[in-house]
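Report on the structure
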Amino acid sequence: MSVAIPDTLPVLETDIEPNVILSSRSSRRDRYKNAITMLVLFLINLLNYMDRFAIAGVLKVIEKRFNISDQTSGLLQTVFVCSYMALAPLFGYLGDRYSRKLIIIFGVSFWSLTTLAGSFVPENLFPLFLILRGLVGVGEASYSCIAPTIIADMYKHDKRTLMLAIFNIAVPLGGGLGYIVGSSVSRAFGGDWRWALRVTPPLGFICVILLAILVKEPDRGSADGAQILKRESWFSDVIKIVKVKSFVLTTLGFTWVAFALGSLAWHGPKFLQFAQIETETEENVSLYFGIITCASGLLGVLLGSEIARRYRKRNLRGDPIVCGVAVLLSLPFLVVLLIFSKSDKITTWICIFICETLLSSNWALISDMLMYVIVPSRRSTASSIQLFIMHLLGDASSPYIVGIISDYYRKGSEDPTIRWSSLRNGLLLTPVVAYRREAEANIEAMNSENAFRMDESSKVY
């Protein structure tokens, strides 16, 4: 009678007490190595989002230079995200089987090269610029679904939650810096949008060098006390992943948030520039938007992680509850800022800060939930599936859809008031779609019969 061997097994503790001095030195050395790895991964994630949103900070300039509409400019983000999500499953498969460090080195190098190449595209070759932005997504896909699994293999429990929170601070912080750096560098070089794309590539190459020299990849499952004994096929991994109800529900819930965030992050600065065209310059609006995004993102990620950490001591389903409540609370602030952005500037900026703080609270918790409901040998694959679904149904399509609605109401007009109202009409779609679905998904997750946390006694399915 054959016995099925699980793909991971718990590491058994020895009865022999280790040498205290050697253990202390080894532990201290491991902490230093993990801290260095964490720092490098954080810097790469920061550059990732700076690069992604530098274009949004100079989007109006790009539209003028290439002579394109709101719909076509939204296509820039859609093409980027489509290539990003399409390659994520491939890199997820590779990340569970081969060196994650080498895959990340390839990805960061590739995205840095394609970003730099995009800055040299002539303004009569917009299709080429579109293709290069798509290739940037290929490079980023190789990093985004793998890096969190390295962090999960270095830390566990509350320490893992904290480190994933720090890692995900780079999402709003990098996005905010992207707006600021993109608009500021462009203005410093006489309004030339190309220089907005020439900041991150040199920094990306520096990170590649740091990654190659300083980072040591941890063993898969080491933090969870598990060893990988055998591999299953990718198809078998996918089947087992989608059977985890908690994973499916949290992925769907955050997908609808991504729908809203994708269109707001892309069209938001331009929308505010039209709203405040009589009182603020375009550069100042991008600067204010970037500063608020950085501050609110930092506060939101840390606050959401800490509230969830404390609450789940009383309720194991605390993470999805915190996510759902935060998103629902942000709804009225989003509606207010869209409607009153032209008539009340102060209220608008306050609502943006509160809304972004509440939405940012989801970032680290989504990553953390994936890590503790999926076994180590399938985490890269699960992360890639989550990215694929989130982008396919979320921020891959929303900038383009909002652009279509905006162009319909705009009817070719260049009047700033009409352009503001047309973009507002498009952006009002986001709370209608995103927040209703987010609430449904998180309510189901709260009532799921699945044990929300991976069984500590078995470690595996």
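Residues numbered from 1 in each chain as written. Predicted model: local features only at pLDDT ≥ 70, side-chain atom pairs only at ≥ 80, totals over all residues. Heavy atoms only, no water.

Focus on the confidence of the model for the protein chain
Quick reminder of the rule: The pLDDT value tells you how sure the predictor is about a given residue, anywhere from 0 up to 100. Should any heavy atoms of two residues lie within 4.5 Å, those residues are counted as being in contact.
On average, the protein chain scores 78 in pLDDT, and the residues at 70 or more come to 85%. Within the model, the stretch residues 1-22 combines pLDDT values under 50 with 29 contacts to residues more than four positions away or in other chains. Scored below 50 in pLDDT, residues 445-461 shows 49 contacts in the model against residues more than four places distant or in partner chains.

Topic: the packing of aromatic side chains
Which entries qualify depends on this criterion: Two aromatic rings, drawn from Phe, Tyr or Trp (for Trp, its six-membered ring), form a pair once their centres lie within 6.5 Å of each other, and the interplanar angle then sorts them: stacked below 30 degrees, edge-to-face above 60, tilted otherwise. Numbering goes from the N terminus for both helices and strands, where a helix is a DSSP run of H or I of at least four residues and a strand is a run of E of at least two. Under the scheme applied here, a residue whose accessible area is under 20% of the maximum for its type counts as buried, over 50% as exposed, and between as partly exposed, the area being computed with a 1.4 Å probe on protein chains only.
If you walk through the whole model with that rule in mind, you get 12 aromatic pairs. Ring geometry for F106 versus F110: centroids 5.7 Å apart, planes at 25°, classification stacked. Of this pair, F106 and F110 both sit in helix 4 (residues 100-118), 4 residues apart, roughly one helical turn. By relative accessible area, F106 is classed as partly exposed at 42%. Their ring planes at 90° and their centres at 5.9 Å tell us that Y288 and W349 sit as a pair that is edge-to-face. Here Y288 is found in helix 11 (residues 282-311), whereas its partner W349 is found in helix 13 (residues 345-360), with 61 residues between them in sequence.

Description of helix 3 (residues 70-95)
Threshold: Each helix should span, by expectation, one fewer than its residue count multiplied by 1.5 Å. Throughout, bend refers to the angle between the axes fitted to the seven residues that end at a position and the seven residues that start at it.
With 26 residues, helix 3 should cover 38 Å at 1.5 Å per step; its first-to-last C-alpha distance of 37 Å lies within 8% of that length. In helix 3, a bend of some 35° at A88 exceeds every other bend along the element, and P89, a proline, comes one to four places later.

Regarding helix 5 (residues 126-144)
For helix 5, with 19 residues, the first-to-last C-alpha span of 27 Å sits near the 27 Å given by 1.5 Å per residue. In terms of burial, helix 5 is a largely internal element, 15 of the 19 residues being buried.

Here we look at the environment of A147
Its location among the elements puts A147 in helix 6 (residues 147-152). Residues A147 and I104, spaced 43 residues apart in sequence, show a C-alpha to C-alpha distance of 7.8 Å. Not counting residues within four places of it along the chain, the set of residues in contact with A147 comprises L41, I104 and F167.

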